[in-house]
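Here are the chains, one letter per residue:
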Amino acid sequence: VARLREVADVREWSSDLPPDRESLTALIGDAEAVLAIGGDALVAAVLAACPNLRIVALASAGYDSVDVDAAHTLGIAVTNTPGVLHETTADLAFGLILAARRRIAEGDRYVRSGSWERVPYRLLFGHDVHGAQLGIIGYGQIGHAVARRAHGFGMRVVHYSRTHQDDELSTWMPLDELLATSDIVSVHVPLSDQTRGLIGERELRLMKPTATLVNTARGPVIDETALVRALREERIGSAGLDVQSVEPNPDASDPLLEAPNCVVLPHIGSATESARAAMVDLAAANIEACLAGRPLLSPIPGS
Ligand code: NAP
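Given the structure is predicted, the values throughout are model-derived calculations rather than measurements.

Definitions and cut-offs
In every chain, residue numbers begin from 1 and rise along the written sequence. Note on the predicted model: pLDDT of at least 70 is required for a residue's local features to be given, and 80 or more for side-chain atom pairs to be given and counted; whole-chain, interface and lining totals, by contrast, use all residues. Water and hydrogen atoms play no part in the side-chain values, which are based on all heavy atoms of the structure. Numbering of helices and strands runs from the N terminus; a helix is a DSSP stretch of H or I covering at least four residues, while a strand is a stretch of E covering at least two. We compute the radius of gyration over the C-alpha atoms and compare it with the globule rule, which gives 2.2 Å times the number of residues raised to the power 0.38. Burial here depends on accessible area, computed with a 1.4 Å probe over protein chains only, as a share of the maximum for the residue type. Under 20% is buried, over 50% is exposed, and the range in between is partly exposed. We call two residues in contact whenever any of their non-hydrogen atoms come within 4.5 Å of each other. Computed with the Shrake-Rupley method and a 1.4 Å probe, the accessible areas treat only the protein chains shown as cover for residues. Within this scheme the basic residues Lys and Arg register as positive and the acidic residues Asp and Glu register as negative, but His and the chain ends are omitted. For charged residues, the charge sits on one atom: NZ in Lys, CZ in Arg, CG in Asp, CD in Glu. The pairing criterion is simple: DSSP has to find at least two bridges between the two strands. Among buried residues, those of type Ala, Val, Leu, Ile, Met, Phe, Trp, Tyr and Cys that are joined through side-chain atoms within 4.5 Å constitute a nonpolar core. Nearness is judged by heavy atoms alone; a residue qualifies as near a molecule or strand once a single heavy atom is within 4 Å of it. Each polar contact in these results corresponds to two N or O atoms within 3.5 Å; when the atoms are within protein, one needs to be able to donate a hydrogen and the other to accept it, and residues that are neighboring in sequence are counted only if both atoms are side-chain atoms. All amino acids are sorted into three groups, where Ala, Val, Leu, Ile, Met, Phe, Trp, Tyr, Cys and Pro are nonpolar, Asp, Glu, Lys and Arg are charged, and the leftover types, Gly among them, are polar. Classification of ring pairs rests on two measures: the distance between centres of Phe, Tyr or Trp rings, Trp counted by its six-membered ring, which must be within 6.5 Å, and the angle between planes, read as stacked under 30 degrees, edge-to-face over 60 and tilted in between.

Engineer: Explain the overall build of the protein chain to me, please; I cannot follow it from the model alone.
Structural biologist: Counting its regular elements, the protein chain contains twelve helices and ten strands. Since a compact globule built from 303 residues should have a radius of gyration of about 19 Å, the 21 Å found for the protein chain is in line with a globular shape. Relative to its 303 residues, the protein chain shows a buried fraction of 45%. Partitioning the intrachain contacts of the protein chain with sequence separation of at least 6 by distance along the chain shows that 58% fall at a separation of at least 24. Taken as a whole, the protein chain presents about 15500 Å² of accessible surface, with 53% of it coming from carbon and sulfur. In the protein chain, the 26 positive side-chain charges and the 39 negative ones have mean positions that sit 6 Å from each other.

The structure is reproduced here in structure tokens:
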């Protein structure tokens, strides 16, 4: 904000709760630029009600929070922040793989609850990560960063994306084959009309009963109701989720939170000091470029 105050008048939304659409429209008003950190409120009606808007600069890799088609029709550019958070998010995806397969969060809760009175032979048995097959769905910046980490664990890596291409880290595989043969499936596609519900009942039924499903992409890519059912019926082994279909979600009785072998985090994939600083810096730099009439640094396709 301090940086942007050097080139513009800045109005801030200072609450930790996202603005509703009316408040957002009023806040943007006659502004030429918006720097947005999350939420899903930049719908066509909001964009259309802000006549001077030239750029929506997102401090995120995903851009499902903006109606991009509407923005482009209205002549509003949209930028995101690739290249500065993929390693950080891959770290967390790997943390979820380890936590879910080795029952780390569950073990912590067990010790803290005072239940560790005996040493049963099968106490918190999990499944190995090293030597397992990792299936990556969406093989972009984060998918590649996860693949690099997997090689340190001696894993076999396969991936699925619309582009059929192998590289030195991973072999392309059709989605159904990836789901049926992988021990760990990690999801890294953007949320779009094509990927909403990509992993549903049918796909979960293809997976191994010991498999782990990890999602650091966007909640709606996985059918959460089907996932809860698969975990309860032990059709898959475990899950690690950084993202959910409803965020934030203070409902402690949500069936997802009662599902067995499921590690759930509050969307903290990019939440490190340095990644978040780099993200807002890049978003601010995009706004500066736009206001000065220079080329944008990281426009999304079509902007
Ligand atoms: P990216 O570099 O754009 O990679 C996306 C990949 O998904 C590409 O390989 C793309 O390949 C593939 N893809 C796109 N549509 C597909 C489809 N319909 N079916 C199969 N594959 C498809 O993006 P990224 O930086 O890796 O980030 C991925 C997503 O992670 C973001 O969009 C964001 O939603 C999420 N994210 C979450 C956090 C967090 O805090 N949890 C942090 C950063 C990002 P093809 O075009 O060849 O299909």
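Structure shown, so let's carry the discussion forward.
Engineer: Even after reading the chapter, I still don't get unusual backbone geometry, so can you show me in this structure?
Structural biologist: Among all residues save glycine, negative phi is the norm, and among peptide bonds the norm is trans. At the junction of glutamate 247 and proline 248, the peptide bond is cis and its omega measures out at -10° in the coordinates. Inspection of the secondary structure puts proline 248 in the loop between β9 (238-241) and α11 (255-258). A positive phi angle, close to 50°, is found at leucine 124, a residue other than glycine. Along the chain, leucine 124 turns up in the loop between α6 (104-112) and β4 (133-137). Given a relative accessible area of 24%, leucine 124 falls into the partly exposed group. In the Ramachandran plot, histidine 267 falls in the positive-phi region, its phi being about 55° despite a non-glycine side chain. Along the polypeptide, histidine 267 turns up in the loop between β10 (262-264) and α12 (273-292).

Engineer: Looking at this model, I keep getting lost on the pairing of strand β2 (residues 55-58). Mind explaining?
Structural biologist: On a regular strand, each side chain points to the face opposite its neighbour's, so the side chains alternate between the two faces of the sheet. Burial of β2 is two-sided: the residues Ile55 and Ala57 facing one way and the residues Val56 and Leu58 facing the other way are all buried. The pairing of strand β1 (residues 33-36) with β2 spans four bridges and is parallel. Bridged to valine 34 within β2 is valine 56. Bridge count for β2 against strand β3 (residues 77-79) is three bridges, and the pairing is parallel. Counted as the bridge partner of alanine 57 is threonine 79 from β3.

Engineer: Honestly, the nonpolar core in this entry has me stumped. Any pointers?
Structural biologist: A general feature of soluble globular proteins is that nonpolar side chains tend to end up buried together. Ile137, Ile199, Leu204, Met207, Leu213, Leu227 and Ile236 are the most contacted members of the largest nonpolar core, which has 30 residues in total. Looking at this core, the elements that each hand over two or more residues are α8 (175-181), β7 (184-187), α10 (224-232) and β9. Considering every element that reaches this core, the biggest residue donor is α10, with five residues. Beyond its immediate chain neighbours, meaning those up to four positions away, isoleucine 236 contacts Leu204, Met207, Lys208, Pro209, Ala211, Leu213, Leu227, Ala230 and Leu231. Core analysis: the second largest hydrophobic core is formed by 24 residues, Phe94, Ala100, Tyr139 and Val146 among them.

Engineer: Would you explain the site of the ligand in this entry?
Structural biologist: Among the 26 residues in the neighbourhood of the ligand, the closest are listed as Gln141, Arg162, Thr163, Gln194 and Asp242. Contacts to the ligand include threonine 163, whose side-chain N or O atom sits 2.3 Å from an oxygen atom. Glutamine 194 has a polar side-chain atom sitting 2.8 Å from a nitrogen atom of the ligand. Protein contact buries 84% of the 920 Å² of open area that the ligand shows by itself. Looking at the shell around the ligand residue by residue, the classes come out as nine nonpolar, 14 polar and three charged.

Engineer: What should I look at first to understand the packing of aromatic side chains in this one?
Structural biologist: Two descriptors summarise a pair of aromatic rings, namely the distance from one centre to the other and the angle between the planes of the rings. Counted under the stated rule, the structure contains three aromatic pairs. A centroid spacing of 4.9 Å and a plane angle of 40° characterise the contact between phenylalanine 94 and phenylalanine 153, whose relative ring orientation is tilted. In this pair, phenylalanine 94 sits in helix α5 (residues 86-101) while phenylalanine 153 sits in the loop between α7 (141-152) and β5 (156-160), placing the two residues 59 residues apart along the sequence. With a relative accessible area of 5%, phenylalanine 94 lands in the buried category.

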